[in-house]
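Descriptive structure summary
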Amino acid sequence: LKALVQLAAAALIVADALPTEELSRWLAAMAFVFCLCNAVNFLDNMNGVAASLGGLGVVAAGWPTSAWLFAGSLFIGFVPCNWPRARVFLGDG
């Protein structure tokens, strides 16, 4: 059930980002989003690594200034709760 919900979410994200692309590119992007969701879930129990990498990824992608607010909210809102020992988890870690 979890995989089906993740695939549906990935399909919605890709449909919004690449609405008129060819099918093979659309399916590849959907597989990437699905794998990325599971990779973040895997990093969940590592003392804020998921939040830190998410924030750094947004900043490194060169998104506009609002991305800095997103990155800051990930880091400031999550990392203090998990330092030095994890107490808050994003997924099923």
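Scroll up to find the structure.
Treat the numbers as computed from the prediction; the structure is a model and nothing was measured.

Parameters and conventions
- Position numbers for residues start from 1 in each chain and track the written sequence from start to end.
- pLDDT decides what is reported in this predicted model: residues at 70 or higher carry local features, side-chain atom pairs at 80 or more are listed and counted, and totals for whole chains, interfaces and linings draw on all residues regardless.
- The basis for every side-chain value is the complete set of non-hydrogen atoms in the structure, without hydrogens or water.
- Note on conventions: DSSP H or I runs of at least 4 residues are helices, E runs of at least 2 residues are strands, and numbering of each starts at the N terminus.
- Residue contacts are counted whenever heavy atoms from the two residues lie within 4.5 Å of one another.
- The Shrake-Rupley method, run with a 1.4 Å probe sphere, supplies the accessible areas, and residue values consider only the shown protein chains as cover.
- Put simply, a nonpolar core is a bunch of buried Ala, Val, Leu, Ile, Met, Phe, Trp, Tyr and Cys residues held in one set by side-chain atoms that sit within 4.5 Å of each other.
- Residue exposure (1.4 Å probe, protein chains only): buried if accessible area is under 20% of the type maximum, exposed if over 50%, otherwise partly exposed.
- To estimate the expected span of a helix, subtract one from its residue number and multiply by 1.5 Å.
- In this description, the arc belongs to the directions extending from the helix axis to the C-beta atoms.

1. A word on the overall build of the protein chain
- When you go through the protein chain residue by residue, the secondary structure sums to 4 helices and 0 strands.
- The long-range fraction of contacts in the protein chain, counting pairs at least 24 apart against all pairs at least 6 apart in sequence, stands at 47%.
- Just so you have it, the protein chain exposes about 6,500 Å², and 73% of that area is on carbon and sulfur atoms.

2. Remarks on the nonpolar core
- In this structure, A10, V14, L18, W26, A29, M30 and V33 together form the largest nonpolar core, which totals 7 residues.
- For this core, the secondary-structure elements that each account for two or more residues are α1 (2-17) and α2 (23-42).
- Considering each element in turn, this core owes the most residues, 4 residues, to α2.
- Excluding residues that lie within four positions of it along the chain, L18 makes contacts with W26 and A29.

3. Details of α2
- For α2, built from 20 residues, the straight-helix expectation of 28 Å at 1.5 Å per residue is met to within 8% by its first-to-last C-alpha distance of 29 Å.
- Among the residues making up α2, those that are buried are W26, A29, M30, V33 and N41. Each buried residue of α2 lies within a common arc of 115° when the element is viewed along its axis, so the set occupies one face. Opposite the packed face of α2, turned more than 90 degrees from it, sit the exposed residues S24, F32 and F42.

4. Remarks on α1
- Relative to the 22 Å expected for 16 residues at 1.5 Å per residue, α1 spans 23 Å between its end C-alpha atoms, a close match to the ideal helical length.
- Those residues of α1 that sit buried are Q6, A10 and V14. The buried side chains of α1 occupy one side of the element, clustering within an arc of 65° when seen end-on. Of the exposed residues in α1, the ones pointing more than 90 degrees away from its buried face are L4, V5, L12 and D16.
- Considering only its buried residues, α1 is in contact with α2.

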